[in-house]
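# Close look at the chain arrangement
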Amino acid sequence: MASRRKSNNRFSRNLEETSCESPEQTYNDNNHDAEVPQDADQVDIMEQESDEMIIIKDSCNIEVQSTDTQAAVSLQIAIQLAIALVIRITIADSEDNNAVVQDLLQFFDSEQKNKQKILIENSKDVTITTTDTDISANIQVLLEVLLSLVAQLDIG
Amino acid sequence: MQMNDSSNISNKMIDLLVNDILRKNGVNLESAKGKLSEEQKQQIKELVGDLTKQVNQFLYPAKDNQNNKGK
């Protein structure tokens, strides 16, 4: 079960209906910070910090796979830094290497936010898969730029 | 086959883009190649290898890593 992370994914599930096989089994996970509001439905909310909300109510056997946005952002930054590093150590003149880095990375500066809300209610055996395609595309292309740079410098 | 074709095309486009940016900024590739020691090259290769592995893990995760199942 996901613990508190920095992407804004909000999951809420009805604790009364957590298992198709054993309806009386209660949900128990010691690895996350759950806020349990005081209402009759006993909804368990795990809060993370990305712009995605998935509400699961009166359902069972629901599988959720989602993009870890924070990890994706960290990975994107790591690749950008690697590009800047390679440029910096191969081009002595700092003015030139700033310009090269700017030109290479200018295509990846735009920020896009995806907000979505998914409601699963009275359902069984459902799989939810969400993907942040914008950041995935950025990461792929940035890696290709790094690989191309390294190949052209005869490093790879 | 189509995926490989479009992947090849985008790789070629990126090669052209990188090459053009380097030339536009007056970077001499031959002298840039000579600036790196063998140790630096090896370190960069390892760094790029690690990043490639992380990107593949991110883009094509094993099912177990990102499952959240209500039990």
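Okay, so let's go over this structure. Everything numeric here is computed off the predicted structure, so don't read it as measured data.

Criteria and thresholds
- Residue numbers restart at each chain and count upward from 1, following the sequence in its written direction.
- Here chains are named by letter from A upward and ligands by number from 1 upward, in the order in which they appear as written.
- Only residues with pLDDT of at least 70 are given local features in this predicted model, and only at 80 or more are side-chain atom pairs given and counted; all residues enter the totals for whole chains, interfaces and linings.
- Side-chain descriptors were evaluated using all non-hydrogen atoms of the structure, hydrogens and water having been removed beforehand.
- Secondary structure follows DSSP: runs of H or I at least 4 residues long count as helices, runs of E at least 2 residues long count as strands, and numbering of each begins at the N terminus.
- Remark: exposure states derive from per-residue accessible area (1.4 Å probe, protein chains only) relative to the maximum for the residue type, with buried under 20%, exposed over 50%, and partly exposed in between.
- Using a 1.4 Å probe, the Shrake-Rupley method yields the accessible areas, and only the shown protein chains count as cover for residues.
- Note on terminology: a nonpolar core comprises buried Ala, Val, Leu, Ile, Met, Phe, Trp, Tyr and Cys residues joined through side-chain atoms within 4.5 Å.
- Contacts between residues were defined by any pair of non-hydrogen atoms, one from each residue, lying within 4.5 Å.
- To estimate the expected span of a helix, subtract one from its residue number and multiply by 1.5 Å.
- Starting at the helix axis, one direction is taken to each C-beta atom, and the arc is that of these directions.
- Only one rule defines a salt bridge in this text: a Lys or Arg side-chain nitrogen within 4 Å of an Asp or Glu carboxyl oxygen.
- What counts as buried area is the accessible surface, traced by a 1.4 Å probe, that two parts surrender upon association, with contributions from both included.
- A 3.5 Å cut-off defines polar contacts: any pair of N or O atoms within that distance qualifies, except that in protein one atom must be a possible hydrogen donor and the other a possible acceptor, and neighbouring residues in sequence count only when both atoms are side-chain atoms.
- Just so you know the grouping, Ala, Val, Leu, Ile, Met, Phe, Trp, Tyr, Cys and Pro go in nonpolar, Asp, Glu, Lys and Arg go in charged, and all remaining residues, Gly too, go in polar.
- Here the axes come from fitting lines to C-alpha atoms, over the contacting stretch only for helices, and the angles between their N-to-C directions go from 0 to 180 degrees.
- Orientation categories follow fixed angle ranges, with anything under 35 degrees roughly parallel, anything over 145 roughly antiparallel, 65 to 115 roughly perpendicular, and all other angles oblique.
- The handedness criterion is simple: a crossing whose near helix is rotated anticlockwise from the far helix by less than a right angle is left-handed, and one whose near helix is rotated clockwise is right-handed.

## Focus: the overall build of chain B
Across its full length, chain B carries three helices and one strand. Sequence-ordered secondary structure for chain B, helices as α and strands as β, is α-α-α-β. Per-residue burial over chain B gives 24% buried out of 71 residues. By element, 49% of the accessible surface of chain B is carried by carbon and sulfur atoms, the whole surface being about 5,200 Å².

## Considering the nonpolar core
The biggest cluster of nonpolar side chains holds 34 residues, and the ones touching the most others in it are Ile79(A), Ile83(A), Ile87(A), Leu104(A), Leu146(A) and Leu149(A). Breaking this core down by element, the ones donating at least two residues are α1 (69–90), α2 (94–105) and α3 (133–152) of chain A together with α1 (2–24) and α3 (38–59) of chain B. Dropping the residues within four chain positions of it, Ile83(A) is found in contact with Leu104(A), Leu105(A), Leu142(A), Val145(A), Leu146(A) and Leu149(A). Ile54(A), Ile62(A), Ile120(A) and Ile128(A) belong to the second-largest nonpolar core, a separate cluster that totals six residues.

## A short note on α1(A)
In an α-helix there are 3.6 residues to a turn, and that puts residues three or four apart on one side. Residue and element names in this part refer to chain A. Here α1 is 22 residues long and its end C-alpha atoms lie 32 Å apart, about the 32 Å a rise of 1.5 Å per residue gives. All buried positions along α1 are accounted for by Ala 72, Leu 75, Gln 76, Ile 79, Gln 80, Ala 82, Ile 83, Val 86, Ile 87 and Thr 90. The buried residues of α1 occupy an angular sector of 150° when projected down its axis, which confines them to one face. In α1, the exposed positions that point more than 90 degrees away from the buried face belong to Leu 81 and Arg 88.

## Re the pattern of salt bridges
Side chains that carry opposite charge are capable of pairing whenever their charged atoms lie near each other. As enumerated under the stated definition, the model contains three salt bridges over all chains in all. Close ionic contact of Lys24(B) with Asp103(A) constitutes a salt bridge, the shortest N to O distance being 3.2 Å. In this pair, Lys24(B) is assigned in helix α1 and Asp103(A) in helix α2, connecting two distinct chains. Judged by relative accessible area, Lys24(B) falls into the exposed class, the value being 58%. For Lys33(B), the salt bridge goes to Glu30(B), with nearest N and O atoms at 3.2 Å.

## Topic: unusual backbone geometry
Residues and elements named next belong to chain A. In this structure, Asp 58 is a non-glycine residue whose phi angle is positive, near 50°. Counting through the fold element by element, Asp 58 comes out in the loop between β4 (52–57) and β5 (60–66). Taking relative accessible area as the criterion, Asp 58 reaches 31% and is therefore assigned partly exposed. One non-glycine residue with positive phi stands out, namely Asp 125, at about 55°. Tracing the backbone through its elements, the reader meets Asp 125 in strand β7 (residues 124–130).

## Observations regarding the interface of chain A and chain B
In this complex, chain A contributes 51 residues to the contact, which on the side of chain B involves 35 residues. Both sides of the chain A and chain B interface together cover about 3,900 Å² of buried area, and 67% of this is carbon and sulfur. For the interface between chain A and chain B, the tally reads two salt bridges. Connecting chain A to chain B are six residue pairs in polar contact (both at pLDDT 80 or more). Elements supplying a minimum of two residues to the side of chain A that touches chain B: β1 (9–14), β5, α1, α2 and α3 of chain A. Broken down by element, the residue count for the side of chain A that touches chain B peaks at 14 residues, all from α3(A). Partitioned by chemical class, the residues of the side of chain A that touches chain B number 32 nonpolar, 12 polar and seven charged.

## Details of the packing of α1(A) against α3(B)
Their axes nearest at 11 Å, the elements α1(A) and α3(B) cross at an angle of 160°. Between α1(A) and α3(B), the crossing angle belongs to the class labelled roughly antiparallel. Helix-helix and strand crossings are classified by hand; for α1(A) and α3(B) the assignment is left-handed. Residues Ala72(A), Leu75(A), Ala78(A), Ile79(A), Ala82(A), Leu85(A), Val86(A) and Ile89(A) of α1(A) lie in contact with α3(B), whose contacting residues are Ile44(B), Leu47(B), Leu51(B), Gln54(B), Val55(B) and Phe58(B). For the contact of α1(A) with α3(B), the class distribution of residues is 13 nonpolar, one polar and no charged.

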